[in-house]
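Below are the chains, spelled out letter by letter.
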Amino acid sequence: MISRRFLQRLGDSTSTQCGLILLLLILFCAISASFFFPGDPRDMVGSPTIWPGSDPRFPLGTDMMGRDMLSGLLYGARTSLMIGLFATVLSVVLGVIIGVIAGYFGASWVDDILMRLTEVFLTMPRLLFAIAMVMVLGPSTFSISLALGTTSWPQIARLVRGEALRVRELEFVRAATTIGLGHFRIIVRHVLPNSIAPVMVASSVLVAQVILSEASLSFLGLGDPSVVTWGGMVGSGREVLRTAWYMTALPGLAIFITVMAFMLIGNGLNDVFNPRLHKARKTSVTITGRGDANEPS
């Protein structure tokens, strides 16, 4: 169960509050896209290159094909969040399984094999590997999520391994080993629950990275052609960047706000799970403020 102290720390984090407000706004846009725009966002509904504010029917204007920019942004939020969350869940599952097994069997052949595998994935350029997978599987929402998920897990694996190495030396784990519990039961009941707290912080940052990677793939023309994506909107808008820069600026701003929301949540969770760091920051600010106040004028 979530403790009251945890919720209090979470509520005291300004970074987390700002990030959650932005994320809730983005979620509202994604969920309400079909309500406000029941048609296909790829349909041509007006004249090309209508600037934002020029026509009340299109508050954010239209692109060079006459498609509503606001509709595209709302549906693009749905696509980005869906890919980001699916790929992150896949990365977390793979990373946690590999990391906790490697950490529990630290300094053994199991740890060596899993860590060498992790290092292979770390040395490969993630975006290039994702591009190769999308080219083989074909550009679709599922293949993009699968490609980004299977290339992002090494960070989680290394983080969980470090925690598992620490937890396995604790007294309750040693006691469980002494009374003869099996490895699987010790990992599931004792090591794993005490090793995944930092994963929550890393996951929020990982969602932001996945959204940026998905936008890069769509910008390169490797996005799902059956859905609207922010990266695809930026890629199509670059052709008229000098005459209609808003086509690139608006989806770029949406990507920036979404990534910033997850980064703020990650920073806030880092303060919540690392109270010593939070106290150190407060102490530093207090000391700095007193020092400035005591300086002679």
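Residues numbered from 1 in each chain as written. Predicted model: local features only at pLDDT ≥ 70, side-chain atom pairs only at ≥ 80, totals over all residues. Heavy atoms only, no water.

Caption draft 1: Structural detail: the overall build of the protein chain. Scanning the protein chain from N- to C-terminus turns up 14 helices and zero strands. Out of the 297 residues in the protein chain, the part that is buried amounts to 42%. Accessible surface, the protein chain: about 16,300 Å² in total, of which carbon and sulfur atoms supply 67%. (Helix = DSSP H or I, 4+ residues; strand = E, 2+ residues; numbered from the N terminus. Buried < 20%, exposed > 50% of the residue type's maximum accessible area, 1.4 Å probe, protein only. Areas by Shrake-Rupley, 256 points an atom, 1.4 Å probe, with all protein chains shown as cover.)

Caption draft 2: Spatial organisation of the nonpolar core. Counting residues in hydrophobic clusters, the biggest one holds 27 residues, and the most contacted among them are Leu-148, Val-191 and Leu-217. Listed by contribution, the elements that provide at least two residues to this core are helix H4 (69-104), helix H6 (126-137), helix H7 (141-149), helix H8 (153-167), helix H9 (171-178), helix H10 (183-191) and helix H11 (197-219). The contacts of Leu-148, once residues within four sequence positions are left out, are Ile-83, Ala-87, Ser-91, Ala-130, Val-210, Ser-213, Glu-214 and Leu-217. Residues Val-228, Met-247, Ala-254 and Phe-262 belong to the second largest nonpolar core, which totals 26 residues. (Core = buried A, V, L, I, M, F, W, Y, C linked by side-chain atoms within 4.5 Å. Contact = heavy atoms within 4.5 Å.)

Caption draft 3: Structural detail: the confidence of the model for the protein chain. When pLDDT is averaged along the protein chain, the result is 83, and 88% of the positions lie at 70 or above. Counting contacts from residues 284-288, a segment whose pLDDT is below 50, to residues more than four positions away or on other chains yields zero contacts. Here residues 291-297 scores under 50 on pLDDT; set against residues more than four positions off or in separate chains, the count is zero contacts. (pLDDT = per-residue confidence, 0-100.)

Caption draft 4: Molecular detail of H4. Compared with an ideal rise of 1.5 Å per residue, which puts 36 residues at 52 Å, H4 spans 51 Å between its outermost C-alpha atoms and is within 8% of the ideal. Of the residues flanking the start of H4, the one acting as N-cap is Asp-68, its side-chain oxygen 3.1 Å from the backbone nitrogen of Leu-70. (Expected span 1.5 Å × (residues − 1). Polar contact = N/O pair within 3.5 Å; in protein donor to acceptor, adjacent residues only side chain to side chain.)

Caption draft 5: Layout of the packing of H4 against H8. The contact between H4 and H8 brings their axes to 7 Å, and the two run at 35 degrees. Here H4 runs over H8; the crossing is right-handed. Side by side, H4 and H8 meet where Ser-91, Val-92, Leu-94, Gly-95, Val-96, Ile-98, Gly-99, Val-100, Ala-102, Gly-103 and Tyr-104 of the first sit next to Trp-153, Ile-156, Ala-157, Val-160, Arg-161, Ala-164 and Leu-165 of the second. Residue composition of the contact of H4 with H8, grouped by class: 13 nonpolar, four polar and one charged. (Axes fitted to C-alpha atoms, helices over the stretch in contact; angles between N-to-C directions. Left-handed = near helix turned anticlockwise from the far one by under 90°. Nonpolar A, V, L, I, M, F, W, Y, C, P; charged D, E, K, R; others polar.)

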